[in-house]
Amino acid sequence: MNKPTRLLVVMDPIDQIKYAKDTTLALLLAAQARGYRLDYAELADLRLRDGVAEARTRPLEVRADPQDWFSLGPPLVGALGDFDVVLMRKDPPFDTEYIYATYILERAELAGAMVVNRPGALRDMNEKVYTAWFPQCCAPTLVTRDMDEMAAFAATHGAVVCKPLHGMGGRSIFVLPPGDKNQRVVFETLTDYGQRFAITQKYLPEIAVSGDARVLLIDGEPLPYALARIPAPDDNRGNLAAGARGVARPLGERDHWLASQIGPAMRKAGMLFVGLDVIGGFVTEINVTSPTGVRELQQQFGVDAAELLMQAIARRLATRGA
């Protein structure tokens, strides 16, 4: 009799998730439905001991119950390489602690575990900066610490969006219309007076009507629907965490073209689950840490992205076994 596939999830506290929207829970429910044995850890549970990646883990059971969606067993310390799959679902900020975690997970990968998404690529693919590898897909973008360069960029392109390189969920995103007198203050804040890099992009007004669309790639292939996140009337941000409304829509011709440009690179890098943020036909971010939108797509169009990801993981595991 074959042993069940062992899957460890590394995530933020499971008791604090939003049941109705949480993509990680959807992934865990799909894995459990396939007979996978689940274990749970948070970032603080990871460690390196004499070069061996270890963690304090707890057996996990998940349920489709909004009042009682998980149970945890007693903790046990063991090697991460003993797991078949390690699902890295820790949300940003993409800070030094996150980077240190990828080193530990890379040691687990070298010891035999399949880490999704691959830790080395997580380090390489900053979600905002990595768009530079696909300039044909992007609107005008500047990454700099120089506040005068940011001001010149804004003068050239009119309204601009400015944001830090490490955040998520719409945190510290500023939209500056032409001539905004707060412009210099925003540049000072985001760059810490020229001590940190920040990103400035041409503002794409299509976000107000068609939203910031999340195109999900599974092993490089796009799902047939995107989740368009429409900003609230009193906000500029197309982030569900910032109050945006999620509306699923079929992919258009431009969406498929963008996926064809970026998807093969994701597949080659072992990035099985990726989200492209698309506004007005341009990619603004490439989400590789913890893409979301799975629950909304399933509710509105019946697309089971979580099961599709589990199928992709199973195919990769079978290839590794062969």
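Treat the numbers as computed from the prediction; the structure is a model and nothing was measured.

Section: helix H7 (residues 253-268)
Structural remark: α-helix, 3.6 residues per turn; residues separated by three or four positions point the same way. Along its 16 residues, H7 runs 23 Å from first to last C-alpha, staying within 8% of the 22 Å computed at 1.5 Å per residue. Among the residues of H7, those classed as buried are Asp255, Leu258, Ala259, Ile262, Gly263 and Met266. In this structure, the buried residues of H7 make contact with strand E13 (212-218), strand E14 (221-222), strand E16 (245-250), strand E17 (273-279) and strand E18 (282-287).

Focus: the nonpolar core
In terms of nonpolar packing, the biggest core is built from 42 residues, with Leu80, Met266, Met271 and Ile286 touching the most fellow members. If you tally residues by element for this core, the top one is helix H2 (residues 96-110), at five residues. In this structure Ile286 touches Glu127, Tyr130, Thr131, Phe134, Ile262, Met266, Val274, Gly275 and Leu276, once residues within four positions along its chain are discounted. The next biggest cluster of nonpolar side chains, apart from the first, holds 39 residues, and it includes Leu60, Val116, Leu227 and Leu317.

Examining helix H8 (residues 294-301)
All of the buried residues in H8 are Val294, Arg295, Glu296 and Leu297. Gly302 sits one or two residues past H8 and shows a positive phi near 70°.

Observations concerning the sheet that holds strand E9 (residues 141-144)
Read from one edge to the other, the open sheet built from four strands follows the order E9-E12-E10-E11, with strand pairing classed as antiparallel. The open sheet terminates on both sides in strands that have one partner only, identified here as E9 and strand E11 (174-176). In this sheet, neighbouring strand axes are inclined to one another by 20° on average, regardless of whether the strands run parallel or antiparallel. Both E9 and strand E12 (residues 198-202) contribute to a ladder of four bridges, which runs antiparallel. Considered in E12, the bridge of Leu142 is made with Thr200.

Observations regarding the environment of Ala312
Tracing the chain through its elements places Ala312 in helix H9 (residues 305-321). Spatially, the C-alpha atoms of Ala312 and Gly275 are 16 Å apart, while their sequence positions differ by 37 residues. Once residues within four sequence positions are removed from consideration, Ala312 is found in contact with Ile218, Asp219 and Leu272.

As for the pattern of salt bridges
Scanning the model with the defined rule gives 20 salt bridges in all. The shortest N-O distance in the salt bridge between Arg63 and Glu61 comes to 3.6 Å. When its relative accessible area of 41% is taken as the criterion, Glu61 is described as partly exposed. Arg267 is the partner of Glu221 in a salt bridge, and the nearest nitrogen-oxygen pair spans 2.8 Å. Separated by 46 residues along the polypeptide, Glu221 in strand E14 and Arg267 in helix H7 bring together distant segments of the chain. Residues joined by salt bridges that share partners form a network here, namely Asp212, Arg214, Arg229 and Asp277.

What counts, and at which threshold
- Residues numbered from 1 in each chain as written.
- Predicted model: local features only at pLDDT ≥ 70, side-chain atom pairs only at ≥ 80, totals over all residues.
- Heavy atoms only, no water.
- Helix = DSSP H or I, 4+ residues; strand = E, 2+ residues; numbered from the N terminus.
- Expected span 1.5 Å × (residues − 1).
- Buried < 20%, exposed > 50% of the residue type's maximum accessible area, 1.4 Å probe, protein only.
- Contact = heavy atoms within 4.5 Å.
- Core = buried A, V, L, I, M, F, W, Y, C linked by side-chain atoms within 4.5 Å.
- Pairing = 2+ DSSP bridges.
- Axes fitted to C-alpha atoms, helices over the stretch in contact; angles between N-to-C directions.
- Salt bridge = Lys/Arg side-chain N within 4 Å of Asp/Glu carboxyl O.

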